[in-house]
Amino acid sequence: MNTDNIDFQKAGSSMKIMGFFTIIFGILAIMSPWIAGQSVMWLIGVLVIAGGLTRMFWALKAGSLGKGVLVFLIGVLTLLAGVAVISHPVMTSAILTMILAVYFFVDGLTEIIAAFTLPGGQGGKGWLIFDGVVTVLLGAMLFSSYPIGGTLAIGVFLGIKLLFVGMTMSVSYTHLRAHETIHAISYAVFCLKRGGGG
């Protein structure tokens, strides 16, 4: 019983903290959409460059020359792709807009399906459906703004998505706390009845 309560408290506290920071990041992204959009593109570019450098490093460690050369060339191409992402923000934002639109569609539909598969008494079901619908609408809006949406659209829509994810996490935390309280009360009643019966 005590272990269950500790697990609930840890999960709830983590969810509340992550939800709070996700809401803050969402608000910041909405307030500064251009910076948020540029940050996403720079992050992707840096990650792709890091991937290219890693492949090149692995190539130097390869056992055979043929395999090493092939991996090294793939690393060079990956590195150049990362540099292109950072050096051509307009092209990157157009491509990223389409990728983000598809992601929002898939993510929203997944959330809606997940909400309908939850048990009847599970809390947060309505909020999960609402979040899914909003996410699908964001995907549709991003898709309709292509290719002129660009960096600003990415920043705004990403901010809205983060805001809703944070709110969903906070609502889930509230239901987790309610479940923990009901669990504790049930256990207390069980102990009282058992004590009275003995």
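Residues numbered from 1 in each chain as written. Predicted model: local features only at pLDDT ≥ 70, side-chain atom pairs only at ≥ 80, totals over all residues. Heavy atoms only, no water.

Draft legend 1. View of the overall build of the protein. When its secondary structure is counted, the protein shows 6 helices and 0 strands. For the protein, the α and β elements follow one another from N to C terminus as α-α-α-α-α-α. Residues classed as buried in the protein amount to 32% of the 198 residues present. For the protein, the proportion of contacts with a sequence separation of at least 24, taken over those separated by at least 6, is 78%. A total of about 12000 Å² of accessible surface is found on the protein, and carbon and sulfur atoms cover 77% of it. (Helix = DSSP H or I, 4+ residues; strand = E, 2+ residues; numbered from the N terminus. Buried < 20%, exposed > 50% of the residue type's maximum accessible area, 1.4 Å probe, protein only. Contact = heavy atoms within 4.5 Å. Areas by Shrake-Rupley, 256 points an atom, 1.4 Å probe, with all protein chains shown as cover.)

Draft legend 2. Seen up close, helix α5 (residues 125-145). For α5, which comprises 21 residues, the first-to-last C-alpha distance of 30 Å matches the rise-based estimate of 30 Å (1.5 Å per residue) to within 8%. Every buried residue of α5 is listed here: L128, D131, G132, V134, T135, V136, L138, G139, L142 and S145. (Expected span 1.5 Å × (residues − 1).)

Draft legend 3. Broad picture of helix α2 (residues 33-61). The terminal C-alpha atoms of α2, which comprises 29 residues, lie 42 Å apart, in line with the 42 Å expected from a rise of 1.5 Å per residue. Inspection of α2 places P33, A36, G37, Q38, M41, G45, I49, G52, M56 and A59 among the buried residues, and these make up the whole buried set.

Draft legend 4. Highlighting the pattern of salt bridges. One pass over the structure, following the stated rule, counts 3 salt bridges. Put simply, K161 and D107 hold a salt bridge, and the shortest N to O gap is 2.8 Å. Highlighted residues: K161 in helix α6 (residues 150-197) and D107 in helix α4 (residues 89-117), separated in sequence by 54 residues. Residue classification places K161 among the buried positions, given a relative accessible area of 5%. Ionic pairing is found between E111 and K161, a salt bridge with its closest N-O pair at 3.2 Å. With E111 in helix α4 and K161 in helix α6, this residue pair connects regions lying 50 residues apart in the sequence. What emerges from the salt-bridge pattern is a single network uniting D107, E111, D131 and K161. (Salt bridge = Lys/Arg side-chain N within 4 Å of Asp/Glu carboxyl O.)

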